[in-house]
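Here are the chains, one letter per residue:
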Amino acid sequence: MRSADIRRSFVEFFRSRGHEHVPSSSLVPAGDPTLLFTNAGMVQFKQVFQGLEQRPYKRAVTVQKCVRAGGKHNDLEQVGHTARHHTFFEMLGNFSFGDYFKREAIAYGWEWVTGERYLGISPDRIYVTVHHQDHEARRLWREVTGIADQRIYGCGDKDNFWQMGDTGPCGPCSEIYVDLRPPAERSVPSLSEFLALSDAGKVLEIWNLVFMQFDQAADGTRTPLPAPSVDTGAGLERIAAVMQEVESNFDTDLFTPIIRRAEEIVGRPYDRGPGGVGFRVLADHSRAVAFLLADGVYPSNEGRGYVLRRILRRAVRHAFLLGRREPTLVELTRVVIDLMGEFYPELRTKAEHIEAVTRAEEERFLETIEGGLKRLDELTAGPPGVIAGADAFKLYDTYGFPLDLTQLIAHERGFTVDVEGFERELELQRERSRAAGKGAEAGAPSVSPAVSPSGMSSREGFGAPAIVKRSRGKGRDFVRVKPRARQHFVGYETTRAETEILAFRQGEGRLDLVLKENPFYAESGGQVSDTGVVKGEGWTLPVEDVFKIDQKQVVTGPFEGPFEPTPVEAVVAEERRRNIERNHTATHLVHAALRRVLGSHVRQAGSVVAPERLRFDFSHHSPVSEGELEAIEEEVNRAIWENVEIETYEMPYREAIAAGAIALFGEKYGERVRVVDIPGISKELCGGTHVRSTGQIGLFHFSGESGVAAGVRRIEALTGPAAYRAVRDIDRKLEEAASTLRTNPEHLARRIEALLEEKRRLEKQLEQLLKEGAAAEGDRYERYEIGDAVLLVGDSPVADRQQIGMLVDSFRQKNRRSIQVLFVQGEKPGLHVAVTDDLISGGVRADQLANLIAQSAGGRGGGRPHFASGGIGDPSRLPEVRQRLPELVRSALAPGSG
């Protein structure tokens, strides 16, 4: 039975029994910071099981793509060495949300596994485990399926009890096993024999049925849930191995086409034993890489991106060991796309992106892997021991070896790695980076928060100075004026407010205020803080910055003299705020345009939104071409000219995502989020301030594009008045250039091309003249006869070294037993010496002559035997040197002078 047929059979079986077919969720869990990757079918239903979310169905069936690599669930190091471990796998699952429970789940499981229309596995090959205290499940297995009691094994919490976390829904589970032994050996084992057979892989678990019937409290007590639920998971790869009667998942049709292609590329046959580890790693990792890239994960040095890079580099290392020195994984991802693209269309949609990023990552690591492996050979040359943390860090920092790859290779050779030492070196590097990156231009990438500043003001009191996020004011407590009042951010609606002071702090020539109605935006998510002024009765505070303490926004500025809290007027610097809003909304337009022009793999990786400019970092595998930049810039300006009205609103996170809003990759969001919607163009979760309509941006102009890290590009741009000034400045420079070249700006390009063509023509004429220059030597050079040799001395007619070379070549071709000395005038005077080959064979060398002459003028010289140059240290000595030149050359030509 083909794997595609198994998928189809499972989905159709449960759809015919009232289950909603829900597509696989992304490998990046939405709004779940506790998980690196989706690692089970229930992940997308987690909040449904917790009662936090309602779905329009009570039953569901899925085929969920999963990754277990990194974090708590990490199978990476076992991949290739066992028959069952994978980084990427597919989990079949059926779910009941307070609908059916144990009886129906058991009945469905038994029917699909043993029914002739489905898997058709013989009942005498089936064993079942239940929790040893779940007598209900044991009874139902016997009643519903007729399975003999001796085929049902009671196990403990470790194997047969499932918990979502330390608290929350939990319950016993029941697992279905298939006997893989030959028919003659299939006697029913005892519990201890069964566990031993399971460890040996001779009975194989294919399906786990979880019965969520309790709610666990923090103290460990469990109370029955009012609506028990069912969560099941069956591994497609394992079922395929059973149905295709092969010993290893890697021998199923999910992997064999990839391995066959690897055989073709590597040029050697696959060994199903220990010798085939590299092939199995390549087959497995090509699937993980293709799916992770398709779901928007990008190789980097942190988080999910780092796990992806580890997978890629582990694969490159195994390909290297198989003799490959060129990208290999990129060829295998194409097979993955062909194999699985029909069921997972995102693979085909992102095929070009998958290929480009995989190739770039492989090529990058191939540049350093050989040096890294040589260094590891040196480190492990002696008896087994410990690789120092500093050495492991150098392998990481210089050669790109992830720590776990170094550990793996070290383990293969009987060594261990000083992980603590590595972590110390890594932290030192981070500290150096932080120190170098202080200031607005550097630092960690920023992303816009999805919760409005007003939504953060949930506390009434103020924390101790220890939790102040900036050092200002440390050691001084706030004086609370209205301790029970709550702060409200009003900066979305207005830039000025008549309000009251809730608390203040004064000292060291500064005053910090917490305003009840606060119009000042505090720096967050890349958008800089507002500035402005707060006016009280008899005093004024110039607001230089805004920061946060304990979820309150605090305005701060220089202040001298006594202070008494009074009613105040808070006024944001409006022109500055409007320019910030222009730039912030422009980042959303840029993000949308980048995704349309470059591809949907583009994700924001950081931003700076300031009044005078914007900066936007994004994931992309190559420089953005001039044509692409033009298309992006035009698309942003077209959105501006359409003057689209911008809508902002708050709504539940999941509803926002379902409505198409873009969430920033890896960010944690609350239950309610703020959406900035530019209808038909962009929809993002964002807590920043924005223009009311795109037309208020006025104009958008790119000012730069560059790379900031592997796989991360940066664009910089201007909007509004700043963009107008930049364009006007360009116009002025064009007008100046046109005036200098005596033409009109519209004819400037044509005029420059004409001048370049004239330059090329004159250079050809000069080249020809230089080649023929020896004909006029008598008119240009002083001639001296020194024995049977000739010395020609003169000033070089050209300064360009390439042209001097042409002159020298012409001299050497047309003369015999001759020496040429050319002096170069100007800011940096110098000399050039040429010697014909017949003199060189007699021991006369241009490099020695050039140095001798240059030294006599306070300089140095050197070069090759036939042509050399020197510098004149003291130009005032040139006349004397030229007068003494025949004498210097005569001494060099004298026998034994060398």
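Residues numbered from 1 in each chain as written. Predicted model: local features only at pLDDT ≥ 70, side-chain atom pairs only at ≥ 80, totals over all residues. Heavy atoms only, no water.

If you tally the helices and strands in the protein chain, you get 26 helices and 35 strands. Dimensions of the protein chain, computed from C-alpha atoms along their principal axes, come out at roughly 120 × 90 × 55 Å. Going through the 898 residues of the protein chain one by one, you find that 52% of them count as buried. Taking the contacts inside the protein chain whose residues are at least 6 apart along the sequence as the reference set, 68% of them involve residues at least 24 apart. Accessible area for the protein chain stands at about 41200 Å²; split by element, carbon and sulfur atoms hold 48% of it. (Helix = DSSP H or I, 4+ residues; strand = E, 2+ residues; numbered from the N terminus. Buried < 20%, exposed > 50% of the residue type's maximum accessible area, 1.4 Å probe, protein only. Contact = heavy atoms within 4.5 Å. Areas by Shrake-Rupley, 256 points an atom, 1.4 Å probe, with all protein chains shown as cover.)

With that settled, consider the pattern of salt bridges. Under the definition given, this model contains 54 salt bridges. Here Glu-378 makes a salt bridge to Arg-375, at a shortest N to O gap of 2.9 Å. Taken as a pair, Glu-378 and Arg-375 lie in helix 13 (residues 351-379) at a separation of three residues, close to a single helical turn. On the accessibility criterion, Arg-375 (25% relative accessible area) is partly exposed. Among the ionic pairs, Arg-413 bridges to Asp-377, the shortest N-O distance being 2.8 Å. Here Asp-377 lies in helix 13 and Arg-413 lies in the loop between helix 15 (403-412) and strand 11 (416-417), a separation of 36 residues in the sequence. The class of Arg-413 is partly exposed, set by a relative accessible area of 32%. What makes Asp-377 partly exposed here is its relative accessible area of 40%. Several salt bridges share partner residues, and in doing so they unite Arg-261, Glu-264, Glu-331, Arg-334, Glu-355 and Arg-359 into one network. (Salt bridge = Lys/Arg side-chain N within 4 Å of Asp/Glu carboxyl O.)

Next up on the list: the pairing of strand 3 (residues 88-96). Among the nine residues that make up strand 3, nine are buried, leaving the element largely enclosed by the rest of the structure. Bridge count for strand 2 (residues 59-67) against strand 3 is nine bridges, and the pairing is antiparallel. Across the sheet, Gln-64 pairs through a bridge with Met-91, a residue of strand 3. Where strand 3 meets strand 9 (residues 222-235), four bridges bridge the pair, whose relative direction is antiparallel. In the strand pairing of strand 9, Phe-95 is matched with Asp-231. (Pairing = 2+ DSSP bridges.)

With that out of the way, let us pick up the pairing of strand 29 (residues 712-719). Burial of strand 29 is extensive: seven of the eight residues sit out of reach of the surface. When strand 24 (residues 614-619) meets strand 29, the two strands line up antiparallel, connected through six bridges. If you follow Phe-618 over to strand 29, its bridge partner there is Arg-713. One ladder, built from eight bridges, connects strand 28 (residues 700-709) with strand 29; its direction is antiparallel. Opposite Phe-700, over in strand 29, you have Thr-719 as the bridge partner.

A word on the side chain of Lys-350. Structurally, Lys-350 can be placed in the loop between helix 12 (346-349) and helix 13. Beyond its immediate stretch of four places on either side in the chain, Lys-350 contacts Ala-294, Ser-600 and His-601.

Our focus in this paragraph is the sheet that holds strand 30 (residues 782-786). Strand order in the open sheet made by the six strands is 30-31-32-33-35-34, with mixed pairing throughout. The open sheet has two edge strands, strand 30 and strand 34 (861-863), and neither has a second partner. Between one strand axis and the next, the sheet turns through 20 degrees on average, direction left out of account. Alignment of strand 33 (residues 830-835) against strand 35 (residues 867-871), held across five bridges, turns out to be antiparallel. Counted as the bridge partner of Leu-831 is Gly-870 from strand 35. Packed on one face of the sheet, helix 26 (residues 878-893) meets strand 30, strand 31 (789-795) and strand 32 (818-824) and runs near 160 degrees to strand 31. (Axes fitted to C-alpha atoms, helices over the stretch in contact; angles between N-to-C directions.)

Within the largest apolar cluster, 86 residues are counted, with the highest numbers of intra-cluster contacts made by Trp-112, Trp-141 and Trp-207. Here this core gets 10 residues from one element, more than from any other, and that element is helix 9 (residues 277-294). (Core = buried A, V, L, I, M, F, W, Y, C linked by side-chain atoms within 4.5 Å.)

Spatially, the four strands line up as an open sheet ordered 23-24-29-28, and their pairing is antiparallel. Across the chains shown, the open sheet's two edge strands, defined by having one partner strand only, are strand 23 (604-609) and strand 28. Between one strand axis and the next, the sheet turns through 15 degrees on average, direction left out of account. With five bridges joining them, strand 23 and strand 24 adopt antiparallel strand pairing. Its bridge partner lying in strand 24, Val-609 is registered against Leu-614. Of the strands in this sheet, strand 23, strand 24, strand 28 and strand 29 are in contact with helix 17 (residues 574-598), which crosses strand 24 at around 25 degrees.

Our next topic: unusual backbone geometry. The phi torsion at Glu-245 lies on the positive side, around 55 degrees, for a residue other than glycine. Residue placement: Glu-245 occurs in the loop between helix 7 (236-243) and helix 8 (256-266). You can call Glu-245 exposed: its relative accessible area is 73%. With phi around 45 degrees, Arg-817 is a residue other than glycine that occupies positive phi space.

Relative to the 27 Å expected for 19 residues at 1.5 Å per residue, helix 10 (residues 303-321) spans 27 Å between its end C-alpha atoms, a close match to the ideal helical length. Downstream of helix 10 by one or two residues, Gly-323 has phi in the positive range, about 100 degrees. (Expected span 1.5 Å × (residues − 1).)

Bringing the environment of Gly-557 into the picture now. Locating Gly-557 in the fold gives a position in strand 21 (residues 552-558). Judged by its relative accessible area of 0%, Gly-557 is buried. Between the alpha carbons of Gly-557 and Glu-544 there is a distance of 5.1 Å; along the sequence they are 13 residues apart. Those residues in contact with Gly-557 that lie beyond four places of it in its chain are Gly-509, Arg-510, Leu-511, Leu-541, Pro-542 and Glu-544.

A word on the packing of aromatic side chains. Evaluated as defined, the whole model comprises 38 aromatic pairs. For the pair Phe-10 and Phe-14, a centre-to-centre distance of 4.9 Å together with 55 degrees between the ring planes defines the contact as tilted. A residue pair is termed a helical-turn pair when its members lie 3 or 4 positions apart in one helix, as Phe-10 and Phe-14 do in helix 1 (residues 3-15) at four residues. Look at Phe-10 and you get buried, because its relative accessible area is 0%. Residues Phe-559 and Phe-563 carry aromatic rings whose centres are separated by 5.9 Å and whose planes lie at 90 degrees to one another, so their mutual orientation is edge-to-face. (Phe/Tyr/Trp six-rings, centres within 6.5 Å; stacked < 30°, edge-to-face > 60°.)

With that settled, the discussion passes to the packing of helix 17 against helix 18 (residues 626-641). Geometry of a packed helix pair, given as the angle between the helix axes and the separation of the axes. Where helix 17 meets helix 18, the closest approach of the two axes is 9 Å, and the angle between their N-to-C directions is 135 degrees. In terms of their interaxial angle, helix 17 and helix 18 are classed as oblique. Read as a crossing pair, helix 17 and helix 18 show a hand that is right-handed. Note on element contacts: helix 18 touches helix 17 through Glu-628, Ala-631, Ile-632, Glu-635, Val-636, Ala-639 and Ile-640, opposite Leu-589, Val-590, Ala-593, Leu-594, Arg-596, Val-597 and Leu-598. (Parallel < 35°, antiparallel > 145°, perpendicular 65-115°, else oblique. Left-handed = near helix turned anticlockwise from the far one by under 90°.)

Quick look at the environment of Glu-767 now. Secondary-structure assignment places Glu-767 in helix 21 (residues 748-771). A sequence separation of 36 residues divides Glu-767 from Gln-803, and the C-alpha atoms of the two residues are 7.2 Å apart.

Honestly, it's all geometry; don't read function into it.
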